[in-house]
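If you want the building blocks of each chain, they are given just below.
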Amino acid sequence: MNGVLVPIQNCTVDMIRIKCPYCGERDHSEFTYGGDASIKYPALDAPESEWTKAIFFRENIRGMQKETWHHTNGCRLWLEVERSTITHEIKSVKACHPQIEKITKNKS
Amino acid sequence: MTSVRKEKYGKINRDKVLGFTWDNKEYFGYEGDSLASALLANNIKIVGRSFKYHRPRGVMSCGVEESGALVTIGSGSKADPNVRATTQELYSGLIAKGQNAFPNVNYDFGGINNYLSRFFAAGFYYKTFMGLPPFEWGKGTGIWMIFEKIIRKAAGMGKASREPDPDNYEHANDFCDVLVVGSGPAGIAAAQEVAKKKLDVILIEQDSILGGNNLSEAEFDASLLHNQLESSGIRVMSRTTAFGVYDNNVVGALERVTDHIPNPNSKLPRQRFWTIRAKHIILASGALERHVAFNNNDIPGVMTVNASRHYLNRYGILTGNNIVITTNNDSVYQTALELQEAGSKVTILDSRKNVNLDLPKEIDVHLNTLPFSINGRKKIEGLDVCKATDKNNKNTIICDQVLISGGWSPIVNLVSHRGIKPIWNQENLCFVPGDIKENITVVGSANGIWNKNDCIESGLVGANEAMNTLGFHKKEISFPSVGGWLNPIDTLFEVKSNKFPSKSFVDFQHDVTAEDVRLAHREGFISVEHLKRYTTLGMANDQGKMGNIIGLSLMAEQLDKTIPEVGTTVFRPPYTPVPIGALTGRNVGKHFRPLRVTPMHQWNIDHGAKMIEVGLYQRPWYYPKKNETLSDSYIRETTIVRKTVGICDVTSLGKIAIQGPDATELVNRIYTNPFAKLPIGKARYGIMLRDDGMVMDDGTSWRLGENEYFMTTSTAAAAKVMSWLEELLQTRWTDLKVNLTSVSEQWAGAAIAGPKSRDVLSECVLDSNEISNQNLPFMGVLQTKLKDGTPCRVVRISFSGELAYEMYIESDYAHGMMDILWESAKKYDGCLYGLEALGALRVEKGHVTAAELDGRVTIDDAGLGKMASTKKSYIGSAMRKRGVLNADDREMLVGFFPINEKETFNAGTIVCEKNNIQGQGIGRITSVTHSPELGHWIGIGYVNGGLDSWKDVTLVGADPVRNKQMEIKVVSPHMIDPEGKRMYA
Ligand SMILES: [Zn+2]
């Protein structure tokens, strides 16, 4: 029986701050990067070709990119973040779920 | 060189005498001394030996650029090698040692390398690596393997302790409006100006006292400055180095909290690693004086001119009796006057033909004159000089010190970290920061501004820009221009020697000479980045602070290009070395990662469990009776479970409460097998796939009500599955009305397994009839009460293949549950079993865990294809049969037996055909155990094509890591009770 290694939080300088619409502005070490937020996932019964496109084909964007981040060590919201892949500048943050987005928008 | 302490000079506290030890001898210095100044005050000239040639080296500067006086501070586990003596504050009881020398820096056997230097030229290591010329030329690494160890030993610098670091380090964060780096004239002006607007200002200074280059002035009083600045609202952080500037105006800084204290409070960290976020950064990091390459320019007694002024006016030390100053610029004349006034005889050699200055009459100034070669070995005995226009005609000046100024290099490192290339300024022969688009302003000599008043002026401009960032109206003031000397600086980087090999050093710390740079060019290393790697110019802990520009100029000359055409290497953080301990902070030892224990952790230990770490969890591994080994113990536990009953802590499984009108829809979409018609009060084993069709995890879901499920996941994938379900509900299926709650911590769980488990359980609950086969069939779920009245949940489920149950209870009641279960199990000669027995039981049954579901297998590979529904769509259903995943020779789950029943094997063993033992073989063994029931070792794993392809074939288990090989055969993974009669009993 072997123990399973678990990655530890990185301990170098944290540079990105994400303004979670529920919790406020926090270090990126509280969040987990998800993936490309612009992907529209096909229906479960869609053909293999559509799924292949959704899963394996990605733009390698230089500039503003829509991506998902999970506030893993916070409110557990999945967020849609617009981030520059060049400067890490974050242009916008909102909850992915439209209903939650409405509520958090009114709150802040 | 005779260096002496001068009365009435310096800013040291002569009332406080500090004793310290250098190379096992005791000396004295004063409060306010650096180790270097204290050594100089004691007239200690040789403080180090150079890297390759073991040449004696003295103190060459007064700051972070030092590449001569590198020493080891402390001893034993606290030994800190390669410390710059110039930046180490003296304290009472400090222990320092010279390095890279045997028996000591004064008499060093390694000095023989100096005479073998032609063999140690640039690229020596790489050439040796290719074979020893001329015997092994091009023959490879044979000789390297032999000599590598000797060379490493002979050519290292200080040695790090082999013991664990006994010190604490801390991480800290801060925020401010404006961060000013450097407390010289420009930095202080900027900080004070910004503080007037009541903005939050942090001023960072690497030195122990504030002032920067002001400290080289006799009349500057540093004692009140700190309090003055603090009372104007500035947060001052001294002994703190801003070592890097990162994205979004983040500055990394290292604070030396106790490095200057003799017996620090053990609760204090040694150093603090700061992450500081500023809205605007003002860099007033200053400039460093550089030297000139000429023969023997490294003999102890060589120093930069400005360093000598610092030693006089800050530390009260006159560094020489008979001083020759060589220069190509105006910056040395004030220093010369002060040194002469303090009692030295001073001669100036200025390489320029005409100098339009009021030259002091009492000082001997030779224009159009160059330093050619220093005489002496362990100390300076004289300097050969020549006319700049006629190098053949040489004179010797008798002297004991040579001070060199080859111009000044602004410290552009921190802006370079932002990817901003420095720009060459030909007029001042230096790099200045390039155009900055971020909220960072570089002021003072860091921007190539030489005069103090201009520096102060530039500080005010920086403050103006910072205030503008923070929303204040911008004043119309502009930067003072770069430079500021009356006479232009002369292009002088090297005085070429007619000797070969010459000892004209470019980079002192790595013994890189001007010849080495030319050799690198001849051998084709013409890019600066290659030059750096090949010659090691600009490497190690000084990172070329003194030598880089000279190296570049020499390369430019060889290539017949200008310096900007040659370019410069990229500066990367850290500016000065940061200890690994500081990066790690408190994340060491027990704090390396969090520790998770189950609610019955103490109960397990009290009942004799040996624990094992699984992921972050501490879980019971085995429960040894007297003298039992691990293997004795788990074999006994496995046997008892199959014979009577055993109890095991399974709390570490992930648990998720799924509630809401669309709960059934969610569960049905994520599992491969049908869940839509699961009745209330029943559980089902399920497999989840990823989008790409590979297996993600397995687990169970229990239907507790119309709209409520209780899901268990594997221990390893608990966090992943929770995040995954949240992602699906929040990003893809936003119309589903389902709520998820992680309840892993809220429920404690125990497995009760074995033929007597029903009897045990019946005794433990209030109403024993509930546990009957009829009322609680296989996969049945029950919400009931323990006999003491505590509510609990029971599911009839089996991981061992025996009749078995799992019971869950609110975590706070875990000890009570275990007491009740154990009391009953004892009556049936049951046992407590740990993870090792749990593993043995499931391997015998061919049940998969994270070792088998490793993210590379499909549901068919894992032998669970019949759990993949063809009647519904679910996550992964579109992709699980794509392309190569359909191939006939894909690996499939199988069991393994040794041919010789006495043979054992390990997880990780590679399965090969008998006559083809190589590469990745045809399969792999993922889990192994001794099977008490079968009486020999067994394993499960994968083999290409599965059981059908290899039935009755003798294969080989190859284990090259453990140097083992054994004959094995492939069997069905279901090695015990394949029909499952026991668990349905
Ligand atoms: Zn949040």
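Residues numbered from 1 in each chain as written. Chains lettered and ligands numbered in written order. Predicted model: local features only at pLDDT ≥ 70, side-chain atom pairs only at ≥ 80, totals over all residues. Heavy atoms only, no water.

Novice: How would you summarise the overall build of chain A if you had to cite specific residues and measurements?
Specialist: On a plain count of helices and strands, chain A comes out with two helices and six strands. Secondary structure of chain A in N-to-C order comes out as β-β-β-α-β-β-β-α. At a minimum sequence separation of 6, the contacts of chain A that also span at least 24 residues come to 43%. Carbon and sulfur atoms form 51% of the exposed surface of chain A, whose accessible area is close to 6,600 Å². (Helix = DSSP H or I, 4+ residues; strand = E, 2+ residues; numbered from the N terminus. Contact = heavy atoms within 4.5 Å. Areas by Shrake-Rupley, 256 points an atom, 1.4 Å probe, with all protein chains shown as cover.)

Novice: Give a description of the side chain of Asp507(B) that names residues and reports values.
Specialist: Residues and elements named next belong to chain B. Inspection of the secondary structure puts aspartate 507 in strand S29 (residues 505–507). Buried within the structure, aspartate 507 lacks any salt-bridge partner; its nearest side chain of opposite charge belongs to arginine 57, at an N-O separation of 7.1 Å. Separated by 3.0 Å, the side chain of aspartate 507 and the backbone nitrogen of glutamine 509 make a polar contact. Within the structure, the side chain of aspartate 507 is placed 2.7 Å from the backbone nitrogen of glycine 538, a separation counted as a polar contact. The residues contacting aspartate 507, other than those within four sequence positions of it, are Val512, Thr536, Leu537, Gly538, Met539 and Asp542. (Buried < 20%, exposed > 50% of the residue type's maximum accessible area, 1.4 Å probe, protein only. Lys, Arg positive; Asp, Glu negative; His and termini not counted. Salt bridge = Lys/Arg side-chain N within 4 Å of Asp/Glu carboxyl O. Polar contact = N/O pair within 3.5 Å; in protein donor to acceptor, adjacent residues only side chain to side chain.)

Novice: Which residues make up the nonpolar core, and what are the values?
Specialist: Residue and element names in this part refer to chain B. In terms of nonpolar packing, the biggest core is built from 45 residues, with Phe20, Trp22, Leu35, Tyr311 and Ile325 touching the most fellow members. Looking at this core, the element that brings in the most residues is helix H1 (residues 35–41), giving five residues. In contact with isoleucine 325, other than residues within four places in its own chain, are Val305, Val332, Ala336, Leu339, Val346, Thr347, Ile348, Leu349 and Leu403. (Core = buried A, V, L, I, M, F, W, Y, C linked by side-chain atoms within 4.5 Å.)

Novice: Pulling in residues and values, what's your account of the sheet that holds strand S32 (residues 610–614) of chain B?
Specialist: All names here are of chain B. Sheet architecture is open: three strands sit in the order S31-S33-S32, paired in mixed fashion. Looking at strand neighbours, the two that pair on one side only are strand S31 (596–597) and S32, the edges of this open sheet. Taken together, the two bridges between S31 and strand S33 (residues 617–622) define a ladder with parallel strand orientation. Among the inter-strand pairings, valine 597 is bridged to a residue of S33, identified as glutamine 618. Packing of helix H21 (residues 835–845) onto the sheet brings it into contact with S32 and S33, and relative to S33 it is tilted by some 70°. (Pairing = 2+ DSSP bridges. Axes fitted to C-alpha atoms, helices over the stretch in contact; angles between N-to-C directions.)

Novice: Can you break down the coordination of the zinc ion residue by residue, with the values?
Specialist: Residues and elements named next belong to chain A. In this structure, Cys20 (SG), Cys23 (SG), His71 (ND1) and Cys75 (SG) serve as the protein donors to the zinc ion, at separations of 2.0 to 2.3 Å. One can describe the donor arrangement at the zinc ion as tetrahedral, given that its four donor atoms subtend angles of 105 to 116° at the metal. Relative accessible area serves as the criterion here: at 22%, cysteine 75 is assigned to the partly exposed category. (Donors = N, O, S within 2.8 Å, 3.2 Å for Na, K, Ca; no water. Tetrahedral: all angles 85-135°; square planar, octahedral: opposite > 155°, others 65-115°.)

Novice: Could you give an account of the environment of Asp165(B), naming the residues involved and the relevant values?
Specialist: Residues and elements named next belong to chain B. Mapped onto the elements of the fold, aspartate 165 is located in the loop between helix H3 (142–154) and strand S9 (169–181). The class for aspartate 165 is partly exposed, based on a relative accessible area of 42%. Sequence spacing of aspartate 165 and glycine 76 is 89 residues, and the spatial spacing of their C-alpha atoms is 9.9 Å. A polar contact is formed between the side chain of aspartate 165 and the backbone nitrogen of aspartate 167, at a distance of 2.9 Å. Polar contacts involving the side chain of aspartate 165 include one to the side chain of tyrosine 169, which spans 2.7 Å.

Novice: I'd like to hear about the side chain of Arg314(B), residue by residue, with values.
Specialist: Take Arg314(B): it is sitting in the loop between helix H6 (305–313) and strand S17 (317–318). Among all residues touching Arg314(B), those that are not within four sequence positions of it are Gly10(B), Lys11(B), Ile12(B), Asp207(B), Ser208(B), Ile209(B), Leu215(B) and Arg309(B).

Novice: Explain the interface of chain B and chain A residue by residue, including any values.
Specialist: Facing 46 residues of chain B, the contacting portion of chain A comprises 33 residues. Regarding the contact of chain B and chain A, the summed buried area is about 3,300 Å², with carbon and sulfur atoms giving 62% of it. Our enumeration of links across chain B and chain A arrives at two salt bridges. In this structure, Asp27(A) and Arg277(B) form a salt bridge, with 2.9 Å as the shortest nitrogen-oxygen distance. Counting across the interface, chain B meets chain A through 11 residue pairs in polar contact (both at pLDDT 80 or more). Contributing elements (two or more residues each) for the side of chain B that touches chain A: S9, strand S13 (250–256), strand S14 (271–283), helix H14 (580–584), S32, helix H18 (718–732) and H21 of chain B. Looking at the side of chain B that touches chain A element by element, the count peaks at eight residues for H18(B). Residue composition of the side of chain B that touches chain A, by class: 17 nonpolar, 16 polar and 13 charged. (Buried area = accessible area lost by both parts, 1.4 Å probe. Nonpolar A, V, L, I, M, F, W, Y, C, P; charged D, E, K, R; others polar.)

Novice: So what about the sheet that holds strand S39 (residues 739–742) of chain B? Which residues, and what values?
Specialist: All names here are of chain B. The strand order across the open sheet formed by five strands is S36-S37-S38-S35-S39, and the pairing between neighbours is antiparallel. The open sheet has two free edges, formed respectively by strand S36 (683–689) and S39, since each of these has just one partner strand. Strand-to-strand twist in this sheet, taken as the mean axis angle between neighbours without regard to direction, amounts to 25°. Bridging between strand S35 (residues 654–659) and S39 involves four bridges; their strand directions are antiparallel. Its bridge partner lying in S39, alanine 657 is registered against threonine 741. Together, S35, S36, strand S37 (695–705), strand S38 (708–713) and S39 form the strand contacts of H18, whose direction differs from that of S39 by roughly 160°.

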